[in-house]
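Chains, contacts and geometry: an overview
One-letter residues, chain by chain:
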Amino acid sequence: MIARLLVRIFWSIMTLLATAVLTFLLINVVPGDAAHLIAGPKASPEVIAQIREAYHFDQPLIVRLGHYLAQLARGDLGQSYVTGQSVTQAILTRLPATTALSAVAVAMWMIIAVPLGVLTARLRGSWFDRGALIVATVSLSLPAFWLARMMQYWLAYKLGWFPVALFRSFVHLLLPGMVLAILFIGYYARLIHTNMCEVLQSEYIRTARAKGVSERAVLFKHALRNAMIPVVTILGMDVAGLLGGVLFVENVFALPGIGTLAVQSVFNLDVPMIMGTVLFSALLVVVANLIVDISYRWIDPRIQTAV
């Protein structure tokens, strides 16, 4: 098991390295002069030349890539061209807001999606199942930005049920959390529904029913555990994606999270900050993938080759 885990860690590091190289090359082939951005519109040619030398802009791309990878190896994501702040410090400062929003959203959609998926599987083909399918399809089709704007306008601005924007307390996370939950509930409910329908046809489920096990125990104790294995995989990826920054929702509600930081960095052409947020998101996805693989052994002990 330890050998397999080491192999997975090795390939995880290779994935991050490839992401860093690809991101660096893509950003640096875009036309533009970062030295002018750092120096400002009124800087003299001498100042711009000094900045080019200090940031290695006057060197070939492959040399600059080597400097950047060496910097990453020391755990340094660089400094913002705009504010001069450490990229690592900026991300860590924004992480609590994004983490809190992600936790609220995931709790909301899983609390509703799990029983909804189990119930529609139990009532497969009924009007309730078909109605849930229609609602799920509609929720999957909603644009995040439009939904966030509509809910902010009606529930916060017009009715005053929630704070309109900013992050002052837990209450400020409820409305943006609801927006994210609506976008994900339908997908997870249908995913659990599909897996439950397959599991409920298994022989061990028929055996449990033949032994007189209650329907509630069959659904939530025996069937749901196996049906959740694919769900855990996707949930891990989605949580990592949320922690990497919820771009539209954070910006609509003016939450000081990583998504807002990433959007501001793009508008400011702040290359180190853009690359830092991308690499941070990639790191979260890789770590989440590793944790999900390990968790398979806990969910289903029959899986012995997960890591």
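Not measured: the values here are computed from a predicted model.

This part covers the overall build of the chain. Scanning the chain from terminus to terminus reveals 13 helices and zero strands. When the helices and strands of the chain are read in sequence order from the N terminus, they spell out α-α-α-α-α-α-α-α-α-α-α-α-α. Seen through its principal axes, the chain has C-alpha atoms that stretch 85 × 60 × 30 Å. Looking at the 307 residues of the chain, the share that counts as buried comes to 41%. For the chain, the proportion of contacts with a sequence separation of at least 24, taken over those separated by at least 6, is 70%. Across the chain, the centroid of the 22 positively charged side chains sits 13 Å from that of the 14 negatively charged ones.

Now for unusual backbone geometry. Even without being a glycine, Leu166 presents a positive backbone phi close to 70°. With respect to the helices, strands and loops of the structure, Leu166 is situated in the loop between helix H7 (144–158) and helix H8 (174–199). Overall, Leu166 belongs to the partly exposed group, its relative accessible area being 39%. Of note, Ala254 is a non-glycine position whose phi angle comes to about 55°, a positive value. Within the secondary structure layout, Ala254 lies in the loop between helix H11 (247–252) and helix H12 (258–267). Of the residues examined, Ala254 reaches a relative accessible area of 36% and is grouped as partly exposed.

The complete set of buried residues in H12 reads Ile258, Gly259, Thr260, Leu261, Ala262 and Ser265. Two residues or fewer after H12 comes Leu269, characterised by a positive phi angle close to 55°.

As a further point, take the pattern of salt bridges. According to the stated counting rule, one finds three salt bridges in the structure shown. Measuring nitrogen to oxygen at the nearest pair gives 3.0 Å for the salt bridge that ties Glu215 to Arg122. Of the two residues, Glu215 sits in helix H10 (residues 215–243) while Arg122 sits in helix H5 (residues 87–122), which places them 93 residues apart along the sequence. Given the relative accessible area of 40%, Arg122 is considered partly exposed. For Arg190, the salt bridge is made with Asp129, and the minimal N-O distance between the two is 3.2 Å. Of the two residues, Arg190 sits in helix H8 while Asp129 sits in helix H6 (residues 127–141), which places them 61 residues apart along the sequence. For Asp129, a relative accessible area of 7% gives the class buried. It is possible to trace a salt-bridge network through shared partners that takes in Arg122, Arg209 and Glu215.

Take the nonpolar core next. Residues Trp109, Met110, Val179, Tyr188, Ile192, Met196 and Phe253 are the most contacted members of the largest nonpolar core, which totals 48 residues. Of all the elements in the fold, those that place two or more residues in this core are H5, H7, H8, helix H9 (203–210), H10 and H11. Top contributing element to this core by residue count: H8, with 14 residues. Setting aside its immediate chain neighbours within four residues, Ile192 contacts Ala113, Val114, Gly117, Val118, Leu224, Met228 and Val231. Within the second largest apolar cluster, 26 residues are counted, among which are Leu77, Ala90, Ile258 and Met273.

On to the packing of aromatic side chains, then. Across all of its chains, the model carries eleven aromatic pairs by this definition. Each ring, one from Trp127 and one from Phe128, has its centre 6.1 Å from the other, and the planes form 90°; the classification is edge-to-face. According to the relative accessible area criterion, Trp127 is exposed, its value standing at 73%. Taking relative accessible area as the criterion, Phe128 reaches 25% and is therefore assigned partly exposed. Ring centres of Phe145 and Phe248 lie 6.3 Å apart, and the angle between their planes is 75°; this geometry places the pair in the edge-to-face category. With Phe145 in helix H7 and Phe248 in helix H11, this pair connects stretches of sequence that are 103 residues apart.

Attention shifts here to a nonpolar patch on the surface. Residues Ile2, Leu6, Val7, Ile9, Phe10, Trp11, Ile13, Met14 and Leu17 make up a contiguous nonpolar surface patch of about 870 Å² in total accessible area. The residue Leu17 is located in helix H1 (residues 2–28) in this model. For Leu17, a relative accessible area of 39% gives the class partly exposed.

Scoring rules and cut-offs
- Residues numbered from 1 in each chain as written.
- Predicted model: local features only at pLDDT ≥ 70, side-chain atom pairs only at ≥ 80, totals over all residues.
- Heavy atoms only, no water.
- Helix = DSSP H or I, 4+ residues; strand = E, 2+ residues; numbered from the N terminus.
- Buried < 20%, exposed > 50% of the residue type's maximum accessible area, 1.4 Å probe, protein only.
- Contact = heavy atoms within 4.5 Å.
- Lys, Arg positive; Asp, Glu negative; His and termini not counted.
- Charge placed at Lys NZ, Arg CZ, Asp CG, Glu CD.
- Salt bridge = Lys/Arg side-chain N within 4 Å of Asp/Glu carboxyl O.
- Core = buried A, V, L, I, M, F, W, Y, C linked by side-chain atoms within 4.5 Å.
- Phe/Tyr/Trp six-rings, centres within 6.5 Å; stacked < 30°, edge-to-face > 60°.
- Patch = residues over 30% accessible without salt bridge, like charges linked within 9 Å, V, L, I, M, F, W, Y side chains within 5 Å.
- Areas by Shrake-Rupley, 256 points an atom, 1.4 Å probe, with all protein chains shown as cover.

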